[in-house]
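The lines below spell out each chain.
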Amino acid sequence: MIQDDVEPDVTAYVCEGEKAEIRGKYVSAEEDDKEAVVRNCCFVEQVVSLAAEEKQQIFRMVSSGKELWDKRESIYPHLVFCDCVKKQLEEPRNLLHIKMIMKKLQILEDYFRDFGGKFEKDKVG
């Protein structure tokens, strides 16, 4: 928590280079101060790596079609799903089938994330 009337310690915002983690102190009005460790995201490569790891974690957390439907907007923000897809995903399926569906949806997500306006079916796979 940063107070408006206190000048922040600028050194806390300096990039720590190649270190994987940055150590600091978490200060809260409701709790005692405690040590905090956060991932370093100072460089583009680190941000990309963190984003990929977060996406993989979300993928691992999906274990049914219903969960996939509930998390579709955060997993696939560049795709719009029809209502009939909800019904299809809610049908009983095994986890392997759900993961295969997710892989295909990821191909579409990757394509439409960088979509330039002209659909090229050969690039979708």
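Residues numbered from 1 in each chain as written. Predicted model: local features only at pLDDT ≥ 70, side-chain atom pairs only at ≥ 80, totals over all residues. Heavy atoms only, no water.

Engineer: Any chance you could break down the overall build of the chain for me, citing the residues and the numbers?
Structural biologist: The number of helices and strands found in the chain is 4 helices and 2 strands. Across the chain, helices and strands are ordered from the amino to the carboxyl terminus as β-β-α-α-α-α. Every one of the 125 residues in the chain was classed for burial, and the buried ones make up 17%. Considering only residue pairs separated by 6 or more positions, the chain has 41% of its internal contacts joining residues 24 or more positions apart. Carbon and sulfur atoms form 55% of the exposed surface of the chain, whose accessible area is close to 10000 Å². (Helix = DSSP H or I, 4+ residues; strand = E, 2+ residues; numbered from the N terminus. Buried < 20%, exposed > 50% of the residue type's maximum accessible area, 1.4 Å probe, protein only. Contact = heavy atoms within 4.5 Å. Areas by Shrake-Rupley, 256 points an atom, 1.4 Å probe, with all protein chains shown as cover.)

Engineer: I'd like to hear about the packing of aromatic side chains, residue by residue, with values.
Structural biologist: Tallied over the entire structure, the rule returns 8 aromatic pairs. Judged by centre distance (5.6 Å) and plane angle (85 degrees), the rings of Y111 and F119 are edge-to-face. Of the aromatic side chains, those joined through ring pairs into one cluster are F59, W69, Y76 and F81. (Phe/Tyr/Trp six-rings, centres within 6.5 Å; stacked < 30°, edge-to-face > 60°.)

Engineer: Help me get a handle on the pattern of salt bridges, residues and values and all.
Structural biologist: Counted according to the given criterion, the structure contains 7 salt bridges. One salt bridge in this structure joins E73 and R72, with 3.9 Å as the shortest N-O distance. Judged by relative accessible area, R72 falls into the buried class, the value being 18%. Residues joined by salt bridges that share partners form a network here, namely D110, R113 and D114. (Salt bridge = Lys/Arg side-chain N within 4 Å of Asp/Glu carboxyl O.)

Engineer: Quick rundown of helix 2 (residues 65-75)? Include the residues and the values.
Structural biologist: A turn of α-helix holds 3.6 residues, and therefore any two residues three or four places apart point the same way. Every buried residue belonging to helix 2 is among G65, L68, W69, R72 and I75, and all of these are buried. Each buried residue of helix 2 sits inside an arc of 130 degrees when the element is viewed along its axis, so together they form one side. (Arc of directions from axis to C-beta.)

Engineer: Kindly report on helix 4 (residues 95-113), identifying the contributing residues and their values.
Structural biologist: Between the first and last C-alpha of helix 4 there are 26 Å, a value that for 19 residues agrees with the 27 Å anticipated at 1.5 Å per step. The complete set of buried residues in helix 4 reads I98, M102, L105, Q106, E109 and Y111. Buried residues belonging to helix 4 abut helix 1 (44-61) and helix 2. (Expected span 1.5 Å × (residues − 1).)

Engineer: Describe the packing of helix 2 against helix 4, listing the residues and the values that go with them.
Structural biologist: Running from N to C, helix 2 and helix 4 cross one another at 15 degrees; their axes reach a closest spacing of 12 Å. Taken together, the axis directions place helix 2 and helix 4 in an arrangement best described as roughly parallel. Pair helix 2 / helix 4 crosses with right-handed handedness. Residue-level inspection shows G65, L68 and I75 of helix 2 in contact with helix 4, the latter providing I98, I101, M102, L105, Q106 and E109. (Axes fitted to C-alpha atoms, helices over the stretch in contact; angles between N-to-C directions. Parallel < 35°, antiparallel > 145°, perpendicular 65-115°, else oblique. Left-handed = near helix turned anticlockwise from the far one by under 90°.)

Engineer: Can you explain the nonpolar core? Please cite residues and give values.
Structural biologist: Note that soluble globular proteins tend to have their nonpolar side chains buried in a common cluster. Counting 12 residues, the largest nonpolar core consists of F59, V62, L68, W69, I75, Y76, L79, F81, L89, I98, M102 and L105. Of all the secondary structure elements, the ones that give two or more residues to this core are helix 2 and helix 4. Aside from chain neighbours lying at most four places away, what touches L89 is G65, K66, L68, W69 and I101. (Core = buried A, V, L, I, M, F, W, Y, C linked by side-chain atoms within 4.5 Å.)

Engineer: How would you summarise the side chain of R72 if you had to cite specific residues and measurements?
Structural biologist: Tracing the backbone through its elements, the reader meets R72 in helix 2. A distance of 2.6 Å separates a polar side-chain atom of R72 from the backbone oxygen of W69. Aside from chain neighbours lying at most four places away, what touches R72 is P77 and F81. (Polar contact = N/O pair within 3.5 Å; in protein donor to acceptor, adjacent residues only side chain to side chain.)

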